[in-house]
Amino acid sequence: MLRAVVHAFGDPRKVIGLEEVERTAPGPGAVEIRIRRAAINPSDLIPVTGAYRSRTTLPFVPGFEGVGEITRLGEGVTGLAAGQRVLPIGASGLWQEYLVRPAEWCFAVPDDLSDDQAAMAYVNPLTAFRLIDAVETHFGTASGQRIGVTAAASAIGWMLLALLADAGFRPVALVRSAATAARLGGTFGGEIVVQSTPPLDGILDAVGGAAGDALFRQIRAGGAFIQYGALSGAQLDPALVTARLEEVAFAFLWLRNWVHSAPRAAIEAAFAGSFAGIRAGILGSAVDSVFSLPDLPAALARQDDPSRAGKVLLTP
């Protein structure tokens, strides 16, 4: 079978290679899955750079999100069947034709969702749910607090704007250009701020770095700054965070941490919410393009293209 593999940290477009390897039969309690669609997310590419090398073992196959069809069951597997579509989560590895994963980390996909929809039902929707839970935990009953969302025109940014409004908060879309603001304005009727740092009650931040520092300084006392990404490649200034900790709560949300500590029933409930949100048009993501795995270099180039208008998917 063909797989993408990382043998050394570096620029994803330079260090992610393709290689042929033998398929592995599933052992007891595991299943083999033929991957039908896999998404390319920033969370897939950041570990490739070595940003998290302390908890990333080389070599590895990228890809945290996607959907596949069970082809073989190992001994003792119950509740799953050959031909069933599942979301295999819990670790990277989806950028390959076949994946062996413990059955306990596989979650059934409803028949009414397409492969494209199912392939994007995990990372962004479940991260968005956790972020909204964190905001509600901090503020308690929502009473119109102004919560800024960075990278607001991204797939998860749009989800967060909708979910914050539904929860009773006042979402503020934070974007970098007038063109992005105009595009977002076609679907979001709330406040949109371009390249400025207004006073806010809270921030849901995917960027970090200097831009995050500027926003952190503007949060009102009693507010919260919740970071869930570092698209800038940098974290917040630790001295700044420390200086304001008594008046502004700070947290970094890792979806992985929740997934590996939550009961299976809680994860199943989160997926049920994701599937419902996709059906309702709230949690779905647009697809920009679909590439076969041998075309991975072109897929990674498209991922970096500023004109990209949606998710890039792979069909291993």
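Anyway, here's the lowdown on the structure attached to this text. Keep in mind it's a predicted model, so treat the numbers as computed, not measured.

1. Looking at the overall build of the protein chain
Line of reasoning, step 1. Within the protein chain one finds 11 helices and 15 strands.
Line of reasoning, step 2. Here the protein chain has a C-alpha radius of gyration of 20 Å; the compact-globule value for 316 residues is 20 Å, and the two agree.
Line of reasoning, step 3. Principal-axis analysis of the C-alpha atoms gives the protein chain an extent of 55 × 40 × 40 Å.
Line of reasoning, step 4. Residues counted as buried form 49% of the 316 residues belonging to the protein chain.
Line of reasoning, step 5. For the protein chain, the exposed surface amounts to about 13700 Å²; the carbon and sulfur share of it is 53%.

2. Considerations on the side chain of Q303
Line of reasoning, step 1. Assignment of secondary structure puts Q303 in helix α11 (residues 296–304).
Line of reasoning, step 2. Here Q303 falls in the buried class, since its relative accessible area comes to 8%.

3. Here we look at the pairing of strand β9 (residues 170–175)
Each regular strand carries side chains that alternate between the two faces of the sheet.
Line of reasoning, step 1. Counting buried positions along β9 gives five out of six residues, so the element sits mostly inside the fold.
Line of reasoning, step 2. With respect to chirality, the unit in which strand β8 (residues 146–150) leads through helix α5 (residues 155–166) into the neighbouring parallel β9 is right-handed.
Line of reasoning, step 3. Two elements, β9 and strand β10 (residues 191–194), share four bridges in a ladder whose sense is parallel. Counterpart to L174 in the pairing with β10 is V193.

4. Here we look at the sheet that holds strand β11 (residues 200–205)
Note: strands within a sheet are paired through backbone hydrogen bonds, in either parallel or antiparallel orientation.
Line of reasoning, step 1. Strand order in this open sheet of six strands is β10-β9-β8-β11-β12-β13, and the pairing throughout is parallel. Either end of the sheet is taken by a strand with one partner, and the two such strands are β10 and β13 (248–252). Between one strand axis and the next, the sheet turns through 20 degrees on average, direction left out of account.
Line of reasoning, step 2. Relative to strand β12 (residues 219–227), β11 runs parallel, the two being bridged by five bridges. By the bridge assignment, D205 is partnered in β12 with Q227.
Line of reasoning, step 3. Contacts from helix α6 (residues 178–185) reach β9 and β10 within the one sheet, and its direction differs from that of β10 by about 165 degrees.
Line of reasoning, step 4. Seen against the sheet, helix α7 (residues 209–218) touches β8, β9, β11, β12 and β13 and runs at an angle of roughly 150 degrees to β12.

5. As for the pattern of salt bridges
Line of reasoning, step 1. Applying the stated rule across the entire model yields 18 salt bridges.
Line of reasoning, step 2. Note that R3 is salt-bridged to E19, the shortest N-O span being 2.6 Å. Pair noted here: R3 is in strand β1 (residues 2–6) and E19 is in strand β2 (residues 16–20), with a separation of 16 residues, a long-range link.
Line of reasoning, step 3. You can call E19 partly exposed: its relative accessible area is 22%.

6. Topic: the packing of helix α4 (residues 123–139) against helix α10 (residues 264–280)
Line of reasoning, step 1. At a closest axis distance of 10 Å, the pairing of α4 and α10 adopts a crossing angle of 110 degrees. As far as their axial angle goes, α10 and α4 are roughly perpendicular. The crossing of α4 and α10 is right-handed. Every residue of α10 that contacts α4 at P125, L126 and F129 is listed here: A270, F271, G273 and S274.
Line of reasoning, step 2. Its residues assigned to classes, the contact of α4 with α10 comprises five nonpolar, two polar and no charged.

7. Observations concerning the environment of G157
Line of reasoning, step 1. Among the structural elements, G157 can be located in helix α5.
Line of reasoning, step 2. Exposure remark for G157: the relative accessible area of 0% places this residue in the buried category.
Line of reasoning, step 3. For the pair G157 and Y122, spaced 35 residues apart in the sequence, the C-alpha separation amounts to 15 Å.
Line of reasoning, step 4. Those residues in contact with G157 that lie beyond four places of it in its chain are V149, A151 and A152.

8. Notes on the packing of aromatic side chains
Line of reasoning, step 1. Scanning all chains against the criterion turns up nine aromatic pairs.
Line of reasoning, step 2. Pairing Y52 with W254 gives two aromatic rings, centres 5.1 Å apart and planes at 75 degrees, and the pair type is edge-to-face. Placement of Y52 in the loop between α2 (42–49) and β4 (66–73) and of W254 in the loop between β13 and α9 (255–259) is noted, with a sequence separation of 202 residues between them.
Line of reasoning, step 3. Overall, the relative accessible area of 17% leaves Y52 in the buried class.
Line of reasoning, step 4. Residue classification places W254 among the partly exposed residues on the basis of a relative accessible area of 29%.
Line of reasoning, step 5. Taking 6.0 Å as the distance between ring centres and 25 degrees as the angle between the ring planes, the aromatic pair formed by F225 and F250 counts as stacked. Taken as a pair, F225 in strand β12 and F250 in strand β13 lie far apart in primary sequence, 25 residues in all.
Line of reasoning, step 6. With relative accessibility at 0%, the residue F225 sits in the buried group.
Line of reasoning, step 7. Since its relative accessible area comes to 31%, F250 is described here as partly exposed.

9. Looking at the side chain of R85
Line of reasoning, step 1. With respect to the helices, strands and loops of the structure, R85 is situated in strand β5 (residues 85–88).
Line of reasoning, step 2. Only 2.8 Å separates the side chain of R85 from the backbone oxygen of P110, close enough to count as a polar contact.
Line of reasoning, step 3. Only 2.8 Å separates the side chain of R85 from the side chain of D115, close enough to count as a polar contact.
Line of reasoning, step 4. If we ignore the near neighbours within four places in the chain, the residues touching R85 are R36, V67, G68, E69, F107, A108, V109, P110, D111, L113, S114 and D115.

Conventions used here
Residues numbered from 1 in each chain as written. Predicted model: local features only at pLDDT ≥ 70, side-chain atom pairs only at ≥ 80, totals over all residues. Heavy atoms only, no water. Helix = DSSP H or I, 4+ residues; strand = E, 2+ residues; numbered from the N terminus. Rg over C-alpha atoms; globule rule 2.2 N^0.38 Å. Buried < 20%, exposed > 50% of the residue type's maximum accessible area, 1.4 Å probe, protein only. Areas by Shrake-Rupley, 256 points an atom, 1.4 Å probe, with all protein chains shown as cover. Right-handed = clockwise from strand over helix to strand, strands pointing away. Pairing = 2+ DSSP bridges. Axes fitted to C-alpha atoms, helices over the stretch in contact; angles between N-to-C directions. Contact = heavy atoms within 4.5 Å. Salt bridge = Lys/Arg side-chain N within 4 Å of Asp/Glu carboxyl O. Parallel < 35°, antiparallel > 145°, perpendicular 65-115°, else oblique. Left-handed = near helix turned anticlockwise from the far one by under 90°. Nonpolar A, V, L, I, M, F, W, Y, C, P; charged D, E, K, R; others polar. Phe/Tyr/Trp six-rings, centres within 6.5 Å; stacked < 30°, edge-to-face > 60°. Polar contact = N/O pair within 3.5 Å; in protein donor to acceptor, adjacent residues only side chain to side chain.

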